[in-house]
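Overview (structure and organization)
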Amino acid sequence: MTPNPPLNLLILGGSSEASDLARRIAPDPRYAATLSFAGRTRNPILPPIPCRIGGFGGAHGLAAYLRDHAIDALIDATHPFAARITANAAQAAAITATPLLRIDRPAWQPVAADRWIELPTMAAAAAAIGPTPRRVFLTIGQQDLAPFRATPRHHYLIRSIDPPDPDLIPPDATLITARGPFDEEAERTLLRAHRIDILVTKNAGAAATEAKLAAARSLALPVIMIARPPTPPVDRVETVTAALDWLARLHDAATPRGV
Ligand code: NAP
């Protein structure tokens, strides 16, 4: 009996999980996958599978792509704060009856010595830094800086993968471009060198960027932690390994017995 053709997958990327999944399925003959990037990072690290870059034109554009490319399953491995594409993925999968899996890494949880202030938005974070000028470490990416322009009394140390749009940068700012992983000792050295009073970060949950939280804890610094946006109720797993199990089950269900 001729084996089934490989499952045709679209992976929505922009996270370490998406790239890891792409690397792990690349040599697997059960799958033919394309990894999609939004195009925000100038030099994304491209894994060894076909990649496409750029938006689809909303949920209906993504639905059209799923149909036109005969996609058998959609994997939403986008960043936990990429709420629009995650909503579009759920809608497009529903329109086209395409199986959809969301990879959602666990959020960071505070431990006893942490001084977290959990807030829902960047605007709330900017306001919560308070009236006294502070030295603030912003590790929130390059897209969400605008609210901090409205609180120009603080000094900001801004770390992002690519330099932010100059129009978004608050007046008193130091920029660092760097890509994780970061280690705790180096993070502590950075916090001390810049005399940081407070950190602002999104609850990304990534191991590669977690060290700043341990460094802040060890220096008893407060951390403003932006909570994750809500996501649609779809099938979800926390790890790439669990996603591979889900895909293997989907593949087996599509394969006739004896193949
Ligand atoms: P978003 O607000 O949810 O999405 C905005 C639009 O960008 C979407 O409507 C879609 O355009 C396009 N898009 C997003 N992800 C895409 C993908 N993987 N492939 C093709 N188009 C995509 O997303 P965002 O917060 O701007 O994040 C953009 C990308 O950066 C995502 O891939 C995300 O995984 C990654 N990222 C985000 C953050 C963050 O903090 N938000 C952090 C690290 C990495 P159309 O509607 O035209 O399809």
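Residues numbered from 1 in each chain as written. Predicted model: local features only at pLDDT ≥ 70, side-chain atom pairs only at ≥ 80, totals over all residues. Heavy atoms only, no water.

Structural notes on the pairing of strand β7 (residues 135-139)
Burial of β7 is extensive: 4 of the 5 residues sit out of reach of the surface. Summarising the sheet, β7 and strand β8 (residues 155-160) pair through 4 bridges and their orientation is parallel. Across the sheet, the residue bridging to F137 is L157, located in β8. Bridge analysis of β7 against strand β10 (residues 198-202) gives 4 bridges, and the strand direction is parallel. From the neighbouring strand, V136 faces β10, where its bridge partner is I198. (Buried < 20%, exposed > 50% of the residue type's maximum accessible area, 1.4 Å probe, protein only. Helix = DSSP H or I, 4+ residues; strand = E, 2+ residues; numbered from the N terminus. Pairing = 2+ DSSP bridges.)

Topic: the environment of L244
Topologically, L244 is positioned in helix α8 (residues 240-254). Judged by relative accessible area, L244 falls into the buried class, the value being 19%. Once the C-alpha coordinates of L244 and R217 are considered, the two residues, 27 residues apart in sequence, prove to be 35 Å apart. With sequence-adjacent residues up to four places away left out, L244 is seen in contact with L21, R24, I25 and Y31. (Contact = heavy atoms within 4.5 Å.)

Quick word on the site of the ligand
Surveying the vicinity of the ligand reveals 23 residues, the closest of which are G13, S36, F56, G57 and K202. Separating an oxygen atom of the ligand from a backbone N or O atom of G57 is a distance of 2.9 Å. Separating an oxygen atom of the ligand from a backbone N or O atom of H79 is a distance of 2.9 Å. For the ligand, whose unbound accessible area comes to 810 Å², protein coverage reaches 82%. (Near = heavy atom within 4 Å. Polar contact = N/O pair within 3.5 Å; in protein donor to acceptor, adjacent residues only side chain to side chain. Areas by Shrake-Rupley, 256 points an atom, 1.4 Å probe, with all protein chains shown as cover.)

As for the pattern of salt bridges
A full pass over the atoms with the stated rule returns 12 salt bridges. For D104, the salt bridge goes to R236, with nearest N and O atoms at 2.5 Å. Note that D104 is positioned in the loop between β5 (100-103) and β6 (115-119) and R236 in strand β12 (residues 236-237), a separation of 132 residues in sequence. Across the pair R217 and D114 runs a salt bridge, and its minimum N-O distance is 2.8 Å. (Salt bridge = Lys/Arg side-chain N within 4 Å of Asp/Glu carboxyl O.)

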